[in-house]
Amino acid sequence: MNSQYWVGMDLVTWHGAEVICRNIGANLAEIESPEEDNFIHSLVSHLKEDIWLGATDIAEEGTWLSAEKNTTLTYVNWYPGQPNNYGGNQNCLCLYEPYPYDHAWCDDVCSMLHQFVCERKAF
């Protein structure tokens, strides 16, 4: 993991989080391994909100792409039964509330307001 991470404490939409991350030279975090998944979870373990991450299936339902690279995710760790596209419009990746889900991976409506994690490659 040759990256730097920043946890956004404001509650914003998924697209708003993308803009904030890009303004600091980063992207929404893309988890690419179990080790990075564990690290991100350690960063957000104290937070009480859902957390946006950098993937979406807005282009094609069920095909989850990296927001930064626009490529199929190489690692996933969905909570059982997720992604479920509940209500027909859950197209953005988040870590679901800490209790009782322990920030498990899920899909959510992109216009919901959540905290977020930005990632940029270390120099």
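Residues numbered from 1 in each chain as written. Predicted model: local features only at pLDDT ≥ 70, side-chain atom pairs only at ≥ 80, totals over all residues. Heavy atoms only, no water.

An unreviewed UniProt entry lists the protein chain under the name C-type lectin domain-containing protein, with Magallana gigas given as the organism.

Caption draft 1: Expanded view of the side chain of E119. Tracing the chain through its elements places E119 in strand β7 (residues 114–121). Within the local environment of E119, its side chain forms a polar contact with the side chain of S3, the two groups lying 2.7 Å apart. Other than its neighbours up to four places away in sequence, E119 contacts S3, Q4, Y5, A26, N27, L28, A29, E30 and E36. (Helix = DSSP H or I, 4+ residues; strand = E, 2+ residues; numbered from the N terminus. Polar contact = N/O pair within 3.5 Å; in protein donor to acceptor, adjacent residues only side chain to side chain. Contact = heavy atoms within 4.5 Å.)

Caption draft 2: Fine view of the state of the cysteines. Under the counting rule described, the total for this entry stands at 2 disulfides. With a sulfur-sulfur separation of 1.9 Å, C92 is cross-linked through a disulfide to C110. Across the S-S bond of C92 and C110 the torsion is about 95°, and the bridge reads as right-handed. You can see C92 sitting in strand β5 (residues 92–95) and its partner C110 sitting in the loop between β6 (105–108) and β7, a full 18 residues away along the chain. (Disulfide = S-S within 2.5 Å.)

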